[in-house]
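Spelled out from the first residue to the last, the chains are:
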Amino acid sequence: MADPPGCCSACATCLLCPYSCQWITAKKEKRKGLRTTKYDCSWFFFLFCVFLFTLVWLYFAIIILNDFHNFNEFIFRQRKLWLDWSLVLLIATAVLISYSSVLLVLALCLQLCGHPLKLHWVHKILLILTALVVAAAFTGLGIKWAEEWKSARISLQATGPFLHIGAVGGMTLLAWPLASFIYRTRSTGLKVFLLVVYCAAMIALYLAPLGITSPCIMEQEQLPPKPALVGHRGAPMLAPENTLMSLHKAVDCDVEVFETDVMVSADGVPFLMHDEELTRTTNVQAVFPERAALNSTAFNWTDLQQLNAGSWFLERRPFRTVQSLSPGDRREAAKQRIPSLGQALEAAKESNISIMFDLRPENHSDYQNFVNVTLEVILHSGIPLQQVLWLPDGFREDVKQQAPGVQHIYGRKRLENEKEPVLHVNLPYQDMSSEEIRQYRQDNISVNLYVVNQPWLFSVLWCSGVSSVTTNACQVLKEMKHPIWLLPSSTYFMIWIVVDCFSFLIIIWAFVLMK
């Protein structure tokens, strides 16, 4: 088999070595009569599928970064080990996608040079392992983190137009090695099969925009106002969560609401704490080692005041932003204590921001007393009741009677036969579609979605018309003056037509040139 014009024999040999793990020259290859068999073609097809499989997983890995802090917290509660597992995920994914990409590029180059695709058995084993690892990752995602499938669907509203362009470009580039293979192979049936599959794939891609929808395909004047920011436990990327420092950092980020979690101590003092145990966000293991595993509500307020609620933040670095803190912020973080609800209300009143909280744990036998004690602290704090956003569902009617000015936030969608109108809802961002958000907005129902950290997700929700979002990254979202992208439908239609026409011309040119 003669090399195509311009194909360097030395280069072809260099390509053949890492792919086949054999240093064989073009002349030796001719003498041995090496050819690409159907068996070799099947392995190339498997390589291509593994590459696509790994590429899809890379996309998922990038999407789930928005929620990965929840995974880190989950692992800590299970194993008492803190690690930023997102780095592990990204490094492992990068290795897999790089390996399959290099092999695929080598195979395509060898095909263009007219050399056989003799994949070495080591690569075959590694490709099978790669496929198994990615399949296991998808299976684990479906079992333990099923809501991320909804996140992926939402992400397509942000990336759909660009994925379409990338897919068209990638499939267009395949026209060269495909044409080379078709002109060299003697099997008419195989030629027809490959052409039909390729043409069907290209037609599907050319028409894909008919099924692509995004709230960000709109005119500039149709863009809703920027959503308000709700600080998730304050500003946890800039300060230890659920501390007064975190509240003040959130205020600096222009948040309108400080979102937190409240528990009640054994002697009846409401305080800020998310976890049922104190081990993640305090030094309880050093101060009270024999009681570290107890529920947070088992400690009295005097004991809680002995704990440091900031040193863990500097030691474990739950977010990469901790590394960039100033020396003054580090000193302040190291001194943080667990704040009482009264202290948080006073700080919120002084900063003129609202406070929204859950009262935990809702399955506690003394929960009604927790509600009464919490209401007492709120009423004695002097904060305007309209600045208090009440999330807990338990004993909500009692709350309405004792503190009628408090705003009630519901963690569910509205029902058909509501006794009282629902004015505010607080839901995971995966639980509301763009259509539902727009409908709630038309009905004057405030929608807050959590937890939104990535700019792409914030952009989609902004275009959809959400009222506010709860975020860990208030310092990032604060700086966004407009969504990442906004396209009028006429502009997107023009891009679609130009890309498809350009791709079609290149494919025709590739087949003519290779012939």
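Scoring rules and cut-offs
Residues numbered from 1 in each chain as written. Predicted model: local features only at pLDDT ≥ 70, side-chain atom pairs only at ≥ 80, totals over all residues. Heavy atoms only, no water. UniProt positions renumbered as here; feature names shortened; annotations may be inferred. Disulfide = S-S within 2.5 Å. Buried < 20%, exposed > 50% of the residue type's maximum accessible area, 1.4 Å probe, protein only. Helix = DSSP H or I, 4+ residues; strand = E, 2+ residues; numbered from the N terminus. Expected span 1.5 Å × (residues − 1). Salt bridge = Lys/Arg side-chain N within 4 Å of Asp/Glu carboxyl O. Core = buried A, V, L, I, M, F, W, Y, C linked by side-chain atoms within 4.5 Å. Domains from an automatic or database assignment. Contact = heavy atoms within 4.5 Å. 1 Å grid on protein atoms, 1.4 Å probe; cavity = no way out; pocket = protein on both sides within 12 Å on 5 of 7 lines; lining within 4 Å. Points joined across faces, edges and corners; volume = space filled by probe spheres on them. Nonpolar A, V, L, I, M, F, W, Y, C, P; charged D, E, K, R; others polar.

Identification of the protein chain as GDPD2 inositolphosphodiesterase from Erithacus rubecula is taken from an unreviewed UniProt entry. Regarding the protein chain, the UniProt comment filed under Sequence similarities (unreviewed entry) reads as follows: "Belongs to the glycerophosphoryl diester phosphodiesterase family." According to the UniProt record, the Subcellular location (unreviewed entry) comment for the protein chain reads "Membrane".

Caption draft 1: Broad picture of the state of the cysteines. Applying the stated criterion across every chain yields a total of 1 disulfide. Here cysteine 49 stays unpaired: no disulfide links it, and the sulfur of cysteine 41, its closest cysteine neighbor, is 13 Å away. Note on cysteine 49: relative accessible area 33%, which makes it partly exposed.

Caption draft 2: Just helix α5 (residues 85-112), in detail. For α5, spanning 28 residues, the distance from its first C-alpha to its last is 41 Å, which sits close to the expected 40 Å at 1.5 Å a residue. Positive phi appears at glycine 114, one or two residues downstream of α5, with a value of about 80°.

Caption draft 3: Molecular detail of the pattern of salt bridges. A full pass over the atoms with the stated rule returns 22 salt bridges. Between arginine 414 and aspartate 443 there is a salt bridge, with its nearest N and O atoms 2.7 Å apart. Taken together, the residues arginine 414 in the loop between β6 (407-408) and β7 (424-428) and aspartate 443 in the loop between α18 (434-442) and β8 (446-450) connect sequence positions 29 residues apart. Classification of aspartate 443 as partly exposed rests on a relative accessible area of 33%.

Caption draft 4: Examining the nonpolar core more closely. By size, the foremost hydrophobic cluster in this structure holds 41 residues, and its most contacted members are Leu449, Phe458, Leu461 and Val469. Looking at this core, the elements that each hand over two or more residues are α3 (38-63), α7 (147-173), β7, α18, β8, α19 (455-464) and α20 (474-477). There are two domains that each give this core at least three residues, and those are domain 1 (9-214 + 493-513) and domain 2 (229-478). Every residue in contact with valine 469, bar those within four places of it in the chain, is listed here: Ala228, Leu229, Val230, Asn448, Leu449, Val452, Phe458, Leu461 and Leu477.

Caption draft 5: Here's a closer look at empty space enclosed by the protein. This model, assessed by the stated rule, comprises 1 cavity of 30 Å³ or more. Counted as a void, the largest cavity has a volume near 60 Å³. What lines the largest cavity is simply Glu241, Asn242, Thr243, Leu272, Met273, Thr281, Ala309, Trp312, Ile338 and Pro339. Partitioned by chemical class, the residues of the lining of the largest cavity number 6 nonpolar, 3 polar and 1 charged.

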